[in-house]
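Fold and contact review
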Amino acid sequence: MQYLSTRGGISPIPFTQAVMMGLAVDGGLLLPRTIPRIGSDTFNSWKNLTYQELAFEVMSRFIDDIPDSDLRDLINRSYAGFGVKEITPLVHHGNLHILELFHGPTLAFKDIALQFLGNLFEYLLEKKDGVMNILGATSGDTGSAAIYGVRGKNRINIFILHPYKRVSPIQEKQMTTVTDANVFNIAIKGTFDDGQAIVKSIFNDIEFKTAQNLGAINSINWARVLAQVVYYIYSGLHIMKDEKDRSFDFAIPTGNFGDIFAGYIAKQILPEGMIRNLVLATNANDILARFINNGDYSLGEVVVTSSPSMDIQAASNFERYLFYLLDKEPERTKEAMVEFTRTGRLDLKGYQDQIRRDFVAKSVSEEEVLQTIADFYAEHDYILDPHTAVGVNAALACLQQNVPMICLATAHPAKFGSAVEKAIGRQPQVPESLVGIMEKTSRCELMDADSKQIKAYIKAHAISK
Ligand SMILES: *Cc1c(COP(=O)(O)O)cnc(C)c1O
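All residue numbers here refer to positions counted from 1 along the written sequence of the relevant chain. Note on the predicted model: pLDDT of at least 70 is required for a residue's local features to be given, and 80 or more for side-chain atom pairs to be given and counted; whole-chain, interface and lining totals, by contrast, use all residues. Note that the side-chain values use all heavy atoms of the structure and ignore hydrogens as well as water.

Topic: the overall build of the chain
For clarity, the cut-off: Numbered from the N terminus, helices here are DSSP runs of H or I no shorter than four residues, and strands are runs of E no shorter than two. Classification of residues uses two cut-offs on accessible area relative to the type maximum, computed with a 1.4 Å probe and protein chains only: under 20% is buried, over 50% is exposed, and between them is partly exposed. The criterion used for residue contact is that any of the two residues' heavy atoms lie within 4.5 Å. Computed with the Shrake-Rupley method and a 1.4 Å probe, the accessible areas treat only the protein chains shown as cover for residues.
From N to C terminus, the chain includes 19 helices and 16 strands. Judged by the C-alpha coordinates and their principal axes, the chain covers about 60 × 55 × 50 Å. In the chain, buried positions account for 58% of the 465 residues. Look at the contacts in the chain between residues 6 or more apart in sequence, and 75% of them connect residues 24 or more apart. Split by element, the accessible area of the chain, about 18,800 Å² in all, is 47% carbon and sulfur.

Below, the structure written as structure tokens:
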């Protein structure tokens, strides 16, 4: 499989180069040249596969430059640390099926992709005898999942910036109690936006970036999308075990359009019509819901909500879908993205028919989130985290009789205990991996929000050949 840029500025490259490139060098995002669709025979033959076996079947269709046995080994190692043998179990509540994606080491769905990406980076660096210093800024969840993805790995150091005292105490501890020698937590005196701006400015210093072998781990890496495609198909196989179901829907709480884009790919891999609706659920940051419902993709102010991992306006994976919407024409994609960068808005009203064939959407308010957590608890004795509750609320609004709805549960409720307590009057039970975490020793550097100082720190602690 060859990979191309949405902006058309690179010649086709194989999977492993696409992984190492991350963002395409022409500023676009990388996509496979084609999406292989499977027939119902193949689908049926997958029904008894384990998660890991299925991951191999799906991923190997997009990867032809890693030997099969190595790919199997990478997959097996990536999911060995998950708390349940199904990796992503389905919990049934009538016609609503909760797909629990939070059984990885940091209790959020990002582990599923980042455990794999960490192993993949290590493997590829070994092959080319290279090293990488990963640099990223986090508002909470991504940082810990990225740190757990590469802790203790050879040839990789990781530097994660978080805003000092502006992430939840548990999130802070999840990051800073990882004391492996290759992990560097930096708390900056500033906001998440300051952290992001610093990271951006450091990546823009090409000389520094090259000299320090800087790498990114953000959600635009194709390998992350690919790893996420697997659980859509896995849960579909389980729903379809019951032969009477012909198709099913998904509800996806969305921030950067990464997870739902994986669903869009899964829809094209599976036999036509099998995935019926992809329900895109946003919190009060509703740019994507406005895009789908009105063709209006225009930036608003970021609003702080109880689902912080979705407090996003410009969605970094949006360009991938835009490329398909614009008939896979790189020139038009580039033009549209340049206009969006300049004006902060895109008018896509002319494409509404197509957009509505691909997605339905709902923006969910804070009151609705709390009410959904409370109602679901009262009715099913099951506690939703606020991100998952955004998805479940939208799912209920779009639910149709006799069509199973699979809701992606993206975080364990214990990670967002105070929001849950507000809704149901008590804290969720704390899973074993979080017990005692507040008392553990942590390691973290407190620094000014100053890219010069941070560069000096990276230079002093970077891994080099
Ligand atoms: C990152 C995240 C999301 C949003 O995922 P996207 O791929 O950005 O759409 C939802 N819920 C949780 C808990 C997350 O960490």
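Section: the pattern of salt bridges
It is possible for side chains bearing opposite charge to pair when their charged atoms get close. Just so we agree on the cut-off: Definition used for salt bridges: Asp or Glu carboxyl oxygen within 4 Å of a side-chain nitrogen of Lys or Arg.
Per the counting criterion, the structure on display carries 20 salt bridges. Asp 70 is the partner of Lys 127 in a salt bridge, and the nearest nitrogen-oxygen pair spans 3.8 Å. One end of the pair, Lys 127, is in helix α5 (residues 110-128); the other, Asp 70, is in helix α4 (residues 68-78), and 57 residues separate them in sequence. In this structure, Arg 290 engages Asp 286 in a salt bridge whose closest nitrogen and oxygen atoms are separated by 3.1 Å.

Here's the deal with the sheet that holds strand β1 (residues 2-5)
What counts, and what does not: A pair of strands is treated as paired once DSSP finds two or more bridges between them.
Taken in spatial order, the 3 strands of this open sheet run β2-β1-β3, and their pairing is antiparallel. Strands with a single pairing partner mark the edges of an open sheet, and in this sheet they are β2 (13-14) and β3 (30-32). Pairing of β1 with β3, which is carried by 3 bridges, proceeds in the antiparallel orientation. Across the sheet, the residue bridging to Ser 5 is Leu 30, located in β3.

Let's talk about unusual backbone geometry
Positive phi values are uncommon outside glycine, yet Lys 165 reaches one of about 60°. Looking at the element boundaries, Lys 165 is found in the loop between β7 (156-163) and α7 (169-176). Lys 165 sits in the exposed class, given a relative accessible area of 55%. Phi is positive for Asp 327, close to 55°, though the residue is something other than glycine.

Details of helix α18 (residues 417-424)
This is how it is decided: This arc is taken over the directions from the axis of the helix to the C-beta atoms.
When we look at burial in α18, the residues that qualify are Gly 417, Ala 419, Val 420, Ala 423 and Ile 424. Down the axis of α18, the smallest arc covering the buried residues is 160°, so these residues share one side. Residues Ser 418 and Lys 422 are exposed on α18 and point more than 90 degrees away from its buried face. Buried residues along α18 sit in contact with α16 (366-380) and α17 (386-398). In the stretch just after α18, Gly 425 is the one whose phi turns positive, near 80°.

As for the packing of aromatic side chains
Where we set the bar: Note on aromatic contacts: the rings of Phe and Tyr and the six-membered ring of Trp form a pair at centre separations within 6.5 Å, being stacked when their planes are under 30 degrees apart, edge-to-face when over 60 apart, and tilted otherwise. Geometrically, a lysine NZ or arginine CZ counts as sitting over a ring once it is within 6 Å of the ring centre and also within 35 degrees of the ring normal.
Evaluation of the coordinates by the stated rule reveals 28 aromatic pairs. When the ring of Phe 248 is compared with that of Phe 250, the centres are 5.7 Å apart and the planes differ by 85°; the resulting orientation is edge-to-face. Since its relative accessible area comes to 0%, Phe 248 is described here as buried. The buried category is assigned to Phe 250, whose relative accessible area is 0%. Ring centres of Phe 291 and Phe 318 lie 4.9 Å apart, and the angle between their planes is 85°; this geometry places the pair in the edge-to-face category. Residue Phe 291 is located in helix α12 (residues 287-294), and its partner Phe 318 is located in helix α13 (residues 318-325); the two are separated by 27 residues in the primary sequence. Both residues of the pair, Phe 291 and Phe 318, count as buried. One aromatic cluster is present, built from ring pairs that chain together Phe 257, Phe 261, Tyr 264, Phe 291, Tyr 297, Phe 318, Tyr 321, Phe 323, Tyr 324, Phe 340 and Phe 359. Geometry around Phe 56 places Arg 72 over its ring, the cationic atom sitting 3.7 Å from the centre. Against the face of Phe 208 rests Lys 455, its NZ or CZ located 5.4 Å from the ring centre.

Quick notes on the pairing of strand β10 (residues 248-253)
As a reminder, the rule being used: Orienting the strands away from the viewer, one traces the path from the first strand over the helix to the second; a clockwise path indicates a right-handed crossover.
For β10, the buried fraction is high: 6 of the 6 residues fall into the buried class. By the alternation rule, side chains of β10 split into Phe 248, Phe 250 and Ile 252 and Asp 249, Ala 251 and Pro 253, which are all buried. Sheet topology places β10 next to strand β11 (residues 275-282); 5 bridges connect them, and they run parallel. Within β11, the position partnered with Pro 253 by the bridge is Ala 281. Each parallel crossover has a hand, and for β10 linked through helix α11 (residues 258-269) to β11 it is right-handed. Two strands pair when backbone bridges link them, and β10 and strand β15 (residues 405-409) are joined in this way by 3 bridges, in the parallel orientation. If you follow Ala 251 over to β15, its bridge partner there is Cys 407.

Quick notes on the packing of α11 against α13
How we decide: Lines fitted to the C-alpha atoms define the axes, with helices restricted to the stretch that makes contact. Angles between their N-to-C directions range from 0 to 180 degrees. Amino acids outside the nonpolar list (Ala, Val, Leu, Ile, Met, Phe, Trp, Tyr, Cys, Pro) and the charged list (Asp, Glu, Lys, Arg) are all regarded as polar, and Gly is one of them.
Between α11 and α13, the least distance of the axes is 9 Å, while the angle of their chain directions is 35°. The residues of α13 that touch α11, namely those facing Phe 261, Tyr 264 and Ile 265, are Arg 320, Tyr 321 and Tyr 324. Here the contact of α11 with α13 is composed, by residue class, of 5 nonpolar, no polar and 1 charged.

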